[in-house]
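Structure assessment
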Amino acid sequence: MPSNRGSSFFASAAGTPITRRGLLKASGAGAAAIGLSSLLAACSTGGGSSSGGKATVRMWTWYTEIKDTLPKVISDFESKHPNIKIENRIFGTPDQYLPALTAAVSGGDVPEIFAPHVRAITYGEQGISADLKKDLGSDFLKGFFKSTNDEYTKGGKQYAVGFEAQTFGIFYDPDLLAKAGVDGEPETWDDLIEAAAKINAIGKSAVSISCNPGTSALDFFLPLITQVTDDPTWYLKLDQLEKGYSYTSKPVVQALELNDKIVKGKVFQPGTTGTSGDQSQQLFYTGGAAMFFAGSWTPSGLITNASPDFVKRYKIMKTPAIKSGARHWTADQAGAGLAVSETSKNKDAALTFLKYLYSEGVYSNLMNASNAMPSTQAAVEQITEPHVKQMAGWLTDGCPHIPFGSGSSAAGDPLQKIFDQTATPAEVAKQMQSAVENARG
Amino acid sequence: MSTSSSTLRAGIRQAPRSGARLWKLQRSERLAGYGFIVPITVLFVLFVGWPIVFAIYLSFTRWSGFGAPNVIGLDNYTRMFSDPVAATAFGNTLLFAIVTTVLQTVIPLIIAVLLSNVWRGLSVVVRTILFIPGIISFVVSGVLWKLIYDPNLGTLNNLLKAIGLGALQQHWLSDPAVVLPSIIVVSLWGAVGMNMLIFFAGIQGVDPTYYEAAQVDGANRLQQFWYVTMPSLRVVTAIVISLNLMNGFKVFDLIYVMTAGGPNHASEVFGTYLYSLAFGSTAGSIPQLGYGSAFSVIVMLLCGVAVLVQIVLSRRASR
Amino acid sequence: MTALLSRAEPASSAVGAKAVRRRRFPVGRSFVAFILLAVAAFTIFPLIWLVLTSIRPANTVFGGSIWPTSVSLDAYAKAWSSTDFGLHFANSLWITLATVLGVVVFASLAGYAFAKLRFPFKNVIYVMLLATLMMPSTSLIIPLYLQLKSFGLLNSQVGLLVLYVSSSAPFSMFLMRAFFETLPDELVQAARIDGAGEFQIFWRIVLPLARPGLATVIIFQFLQTWNEFIYANTVLQNTEELPLQPVLFGLVGQYQTDWPTLCAGLTMSIVPVVLVYVWMQRQFVAGMTLGAVKN
């Protein structure tokens, strides 16, 4: 290798204007640039503040059903109220939404209207969400179904309103039931177990259900507690772990035994604890299961995903009762609610929008267009989609199924063992109690 | 450019012995050193270091994201010892990290070796195909594979039935015995590409004359691999091992999307547990940011171990 | 990356080496090729499902046959318009490119300094920077949110950019340092003695040799930033500023997902990354063999 190659190279390099001093300047400039960009960014930040006299109301939810239908409501509102701007943000799932909400709360900048999820009461007690009894008045709240108001109420204050209600029932394919020789709709759980045997005999699963995550399993189980006690307020007290109520109490154990009996009757498809909500729905409309336990969000999902023939022919029946002639207690709380930020300076604008959203005509049109189940009596009477209408008729037999209390949702994990048949009801009851206590911390 | 050893020796012989020029060189080197690291260090302190310190602080408090954090000392850490979910998560985290590290180091290495020894065209095609899963985020992979693993409608069980292996069907994601291995397969699927690429580059960089020399000495193909390829890859392997370990300890998206840590915590790892505690839609109504932060400190300590592993292995390699 | 180590004797030509290898493995090759193809098939099959799903109607996704009977590109049109794909793609593109640029600059500067320069507390600072790799990302969401808030960087793409660069640069620095360490110290020393400034040495001599390292960092960083989702979702409030991934995942509902549209969106979002990879691949492999031949 020629040895003079190196020196000529460096000679040319030395000719450039870059020097050591230049380098130090460069890194200083780099750091300064970052500082400058921060300054620039600070000037342009302004989420939720007023700009040019307009009040901005942010609305954060994960209610994908209204994704296509809400914008029209918003633009109608904005044309009537030119000094209010609505920023609508719809996340895909609660898991995408909750970090953003938690962060916003920790930073003290809560969106004006937000979906409270199961934190409705907790945030309310901490002064994060407003007391809507005070701000909207009891006249306004009167129009809502009692269960949707109760679930958000504690200590005489109500911290959210129901937006989309959910009623649960059993969707079924009449052709498959006929093929299996099942006559009519099973009225009790025993009838259902009988029917399951016939359906299994033709090689199909009887009822498709999702037990993943554990809270979906609770959607099925918790109403059984109401069926056993015939008292829809019993679980509300257990949820808050009030004195005298525990998961080892007799009603819970009885409900677990009933659940166990149903699972032993081979009513559900294999692998429920690994099946998510949309997977269980797929099993139903692809003909793998004759029936499907789910809520009133399902009709709109079936319209999108199932074949048109299937959409025409499926029917819905009430959740079976514990014995003949008993009430068909069925889950019906409003999992999708709306809360208002107590601390935002645009709170009044938010309340104005909320009142508009629930006003006559607006709310029922929105719910109909989204094929969603409303939470007010007035809107229920206006439902057009026949399946949703049918399910709305069951709201009077509604009972709780959402764990709002601290740590309550942890009960769903041991519950999966009933579906897996890996523990007895008595054991699961004990495990539920300790799981909930563990989660409370 | 290249330098011959004679030039180097000549250059060094010209090194200044006198104090002034030497000191000046050292000073300029030092200034350059600090100057070069200023941007990354400033950004680190502001947007990584401080948040980490804050997270560590949170691990000694009870906090739900509003109001002031309530300092409770070591209570979060002692709670871990009586929390059965934490114990399960600990076992699963270790298992996951170690198994994925072994698989995601050995298999890509073997594939890289195989790829070095086939026709170039095939090599490029296969390399690109293998890399594509790594392009997709773990969230997407999780969603895709969840569908494949569906016990009733999923492609995997249907495929097994179709080829007559119906007896091997499993409830891939709901049977506690099978759920972690099922997820490990997905992790491997996504990680082979990048790791294989790193090894492949390393193998390509090995001077072919080494192989010639070895062949002349009578070594067969396997011996050539062991005595020529492997030693050159030691540093790379150390890096790959420690990266896989760290990613294994920190894993979150993949598992959360597929099972959310279920069923009944059978696939719960530290990453999913701390997420559920802080944000989870299934963990109840009060975020437990303090307790969750305590788990992140534990993960950090585990990753520190992984870094040590890499340093030790690298030091051995360069000896 | 490992074997750019000095070897004084000139290497035999690449052609000769290839011939040697060919002579060694005549039969084994077909078998090896078979294994590799099987591995490739296993790898690609979920992705084929992804593309197939994007071209079939929504109600044949499950329960139909594997090959769609009716094909339509409607899902692509829907994905484009309903998610405002163009806007968010542009957001992703600029944020990712800016991040990659920032990371490459800061990481290569710092990686070189840690590899080749001597200064007090070097190792302490290096280990401290590595702490970035050791925290699970979800545990830093709230602390980072609060930190960005105090700098007024919330709800801005620049803030997200700063966050991405800060948290990704250390890993890339770690990679670059490894690359630089394989270069001989004498290279730097000789240049120094010849009077070159430190930055000149870095810029003119060392950096060009680290092309495979740079290519690796670019591919890796592009990928990671392009796919990032949870921080973008949390830091940005204005939906118009969101990059692509959070918007695509808005299509995944809790109870139902519009699969064809989602798959169409995902397929479209994979394209730029594949392009970057293919482009960098050539740099990468070219750099590798170049190094081997020269040594």
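The rules behind these values
Within each chain, residues carry numbers counting from 1 in the order of the written sequence. In the order they appear in the text, chains get letters beginning with A and ligands get numbers beginning with 1. Given that this is a predicted model, residues contribute local features only at a pLDDT of at least 70 and side-chain atom pairs are listed and counted only at 80 or more, while totals for whole chains, interfaces and linings are drawn from all residues. Each helix is a run of H or I in the DSSP string that is no shorter than four residues. Each strand is a run of E no shorter than two, and both are numbered from the N terminus. Using C-beta atoms placed from the backbone, we call a residue buried if 20 or more other C-beta atoms fall within 10 Å of its own, exposed if 12 or fewer do, and partly exposed for counts in between. For every residue pair, C-beta atoms are placed from the backbone, and the pair is scored as a contact if these atoms sit within 7 Å. Throughout, the radius of gyration refers to the C-alpha atoms, and the reference size of a globule is 2.2 Å times the residue count to the power 0.38. Polarity classes work like this: nonpolar for Ala, Val, Leu, Ile, Met, Phe, Trp, Tyr, Cys and Pro, charged for Asp, Glu, Lys and Arg, and polar for all others, with Gly in that last group. Start and end positions for the domains come from either an automated domain assignment or a database one. In plain words, the nonpolar core is the set of buried Ala, Val, Leu, Ile, Met, Phe, Trp, Tyr and Cys residues that C-beta atoms within 7 Å link up. Every residue carries a pLDDT, the predictor's confidence in it, which falls somewhere between 0 and 100. Pairing between two strands is assigned when DSSP locates at least 2 bridges connecting them. Lines fitted to C-alpha atoms define the axes, with helix axes restricted to the stretch in contact, and inter-axis angles between N-to-C directions lie between 0 and 180 degrees. For classification purposes, angles smaller than 35 degrees are called roughly parallel, those larger than 145 roughly antiparallel, those between 65 and 115 roughly perpendicular, and all remaining angles oblique. Crossing handedness: left-handed means the near helix sits turned counterclockwise from the far one by under a right angle, and right-handed means the same turn made clockwise. Here, the term right-handed applies to a crossover whose path from the first strand over the helix to the second runs clockwise when the strands point away from the viewer.

1. Here's the deal with the overall build of chain C
- When its secondary structure is counted, chain C shows 13 helices and zero strands.
- Secondary structure elements in chain C, listed N-terminal to C-terminal, are α-α-α-α-α-α-α-α-α-α-α-α-α.
- Here chain C, with 295 residues, has 55% of them falling under the buried criterion.
- Long-range pairs, those at least 24 residues apart, make up 77% of the contacts in chain C between residues at least 6 apart in sequence.

2. Some details on the overall build of chain B
- Looking only at helices and strands, one finds 14 helices and two strands in chain B.
- Its C-alpha atoms give chain B a radius of gyration of 25 Å, more than 25% over the compact-globule value 20 Å for 319 residues.
- Its C-alpha atoms give chain B principal-axis dimensions of roughly 75 × 60 × 30 Å.
- Residues counted as buried form 52% of the 319 residues belonging to chain B.
- For chain B, long-range pairs separated by at least 24 residues make up 68% of all intrachain contacts whose partners lie at least 6 apart in sequence.

3. Digging into helix α6 (residues 138–148) of chain B
- In terms of residue burial, α6(B) counts as a mostly covered element, since 10 of its 11 residues are buried.
- Taken as a whole, α6(B) has its buried residues at Phe138(B), Val139(B), Val140(B), Ser141(B), Gly142(B), Val143(B), Leu144(B), Trp145(B), Lys146(B) and Leu147(B).

4. Quick word on the interface of chain B and chain C
- Of the residues lining the interface, 84 residues belong to chain B; the matching set on chain C comes to 89 residues.
- Per-class residue counts for the side of chain B that touches chain C are 56 nonpolar, 22 polar and six charged.

5. Brief notes about the domain arrangement of chain B
- As assigned here, chain B comprises domain 1 (18–58) and domain 2 (83–285 + 292–318).
- Each of domain 1 of chain B and domain 2 of chain B has a C-alpha centre, and these two points are 34 Å apart.

6. Thoughts on the nonpolar core
- Grouped together as the largest cluster of nonpolar side chains are 305 residues, with contacts concentrated most on Val207(A), Ile40(B) and Ala110(C).
- Element by element, the count of residues in this core is highest for helix α7 (residues 157–181) of chain C, at 15 residues.
- Not counting residues within four places of it along the chain, the set of residues in contact with Val207(A) comprises Ile170(A), Val267(A), Phe268(A), Ala289(A), Met291(A), Phe292(A) and Phe293(A).

7. So, the confidence of the model for chain C
Residues and elements named next belong to chain C.
- Chain-level pLDDT for chain C is 80 on average; 83% of the residues reach the 70-or-more range.
- The least confident element of chain C is helix α1 (residues 14–24), whose mean pLDDT is 43; the most confident is helix α4 (residues 85–116), at 93.
- Across residues 1–25, where pLDDT falls below 50, the model places 51 contacts with residues more than four positions away in sequence or in other chains.
- Segment residues 287–295 is flagged for pLDDT under 50; beyond a separation of four residues in sequence, or across chains, it makes 23 contacts in the model.
- This prediction of the complex comes with two scores: 0.82 for pTM and 0.81 for ipTM.

8. Some remarks on the sheet that holds strand β7 (residues 168–172) of chain A
Residues and elements named next belong to chain A.
- Strand order across the open sheet formed by four strands is β8-β9-β7-β10, with mixed pairing between neighbours. Each edge of the open sheet carries a strand with a single partner, namely β8 (205–208) and β10 (315–317). Looking at each pair of strands side by side, their axes are set apart by 25° on average, direction ignored.
- Across three bridges, the pairing between β8 and strand β9 (residues 289–295) is parallel. Within β9, the position partnered with Val207 by the bridge is Met291.
- Together, β7, β8 and β9 form the strand contacts of helix α13 (residues 277–285), whose direction differs from that of β9 by roughly 145°.

9. Focus on the packing of helix α12 (residues 250–264) of chain A against helix α21 (residues 425–440) of chain A
Residue and element names in this part refer to chain A.
- Between α12 and α21, the shortest axis-to-axis distance is 9 Å and the interhelical angle comes to 130°. By the angle between their axes, α12 is oblique relative to α21. In this structure, α12 crosses over α21, and the sense of that crossing is right-handed. Across from Val252, Val253, Leu256, Glu257 and Asp260 in α12, the residues of α21 making contact are Pro425, Ala426, Val428 and Ala429.
- Along the lines of polarity and charge, the residues of the contact of α12 with α21 split into seven nonpolar, no polar and two charged.

10. Description of the pairing of strand β2 (residues 84–90) of chain A
All names here are of chain A.
- As paired elements, strand β1 (residues 55–61) and β2 share seven bridges and run parallel to each other. Directly across from Trp60, in β2, lies its bridge partner Arg89.
- After leaving β1, the chain enters helix α3 (residues 70–80) and then returns to the sheet as β2, a path that is right-handed.

11. Here we look at the pairing of strand β12 (residues 336–340) of chain A
Residue and element names in this part refer to chain A.
- Counting buried residues along β12, five of its five residues qualify, which places the element largely inside the surrounding structure.
- Across the two faces of β12 the burial is the same, with Ala336, Leu338 and Val340 and Gly337 and Ala339 all buried.
- Here strand β3 (residues 113–114) pairs with β12 via two bridges, running antiparallel. When the sheet's bridge partners are listed, Phe114 is paired in β12 with Ala339.
- In the sheet, strand β6 (residues 161–164) pairs with β12 via three bridges, with the strands oriented antiparallel. What sits directly across from Glu164, in β12, is Ala336.

12. So, the sheet that holds β3(A)
All names here are of chain A.
- An order of β2-β1-β3-β12-β6 is seen for the five strands of this open sheet, with the pairing classed as mixed. Looking at strand neighbours, the two that pair on one side only are β2 and β6, the edges of this open sheet.
- Against the sheet, helix α16 (residues 347–357) makes contact with β1, β2, β3 and β12, and its axis sits at roughly 145° relative to β12, the strand it touches most.

13. Things to note about the environment of Thr69(A)
All names here are of chain A.
- If you trace the backbone, Thr69 turns up in the loop between β1 and α3.
- Taking C-alpha positions, Thr69 is 9.7 Å from Asn368, a pair spaced 299 residues apart along the chain.
- With residues near it in sequence (within four places) discarded, Thr69 still touches Leu366, Ala369 and Ser370.

14. Thoughts on unusual backbone geometry
- You will see that Lys266(A), though not glycine, has its phi angle at about 55°, which is positive.
- Looking at the secondary structure, you find Lys266(A) in the loop between α12 and α13.
- The backbone of Asp84(C) shows a phi angle near 55°, a positive value even though the residue is not glycine.
- Its 14 C-beta neighbours within 10 Å are what place Asp84(C) among the partly exposed residues.

15. Overview of the environment of Asn88(A)
Residues and elements named next belong to chain A.
- Mapping Asn88 onto the fold places it in strand β2.
- Assessed through the 17 C-beta atoms surrounding it within 10 Å, Asn88 is described here as partly exposed.
- It is 36 Å that separates the C-alpha atoms of Asn88 and Leu241, two residues lying 153 residues apart in sequence.

16. A closer look at the environment of Trp259(C)
Residues and elements named next belong to chain C.
- Following the sequence through the fold, Trp259 ends up in helix α13 (residues 259–294).
- Overall, the presence of 24 C-beta atoms within 10 Å leaves Trp259 in the buried class.
- Between the C-alpha atom of Trp259 and that of Ile142, which follows or precedes it by 117 residues, the distance is 32 Å.
- Non-local contacts of Trp259, meaning those with residues more than four positions away in its chain, are made with Thr53, Ala58 and Val61.

17. Regarding the confidence of the model for chain B
- Confidence along chain B averages 83 in pLDDT terms, with 92% of residues attaining 70 or more.
- A low-confidence stretch, residues 1–13 of chain B stays under pLDDT 50, and its non-local contacts, those more than four residues away or across chains, total 18 contacts.

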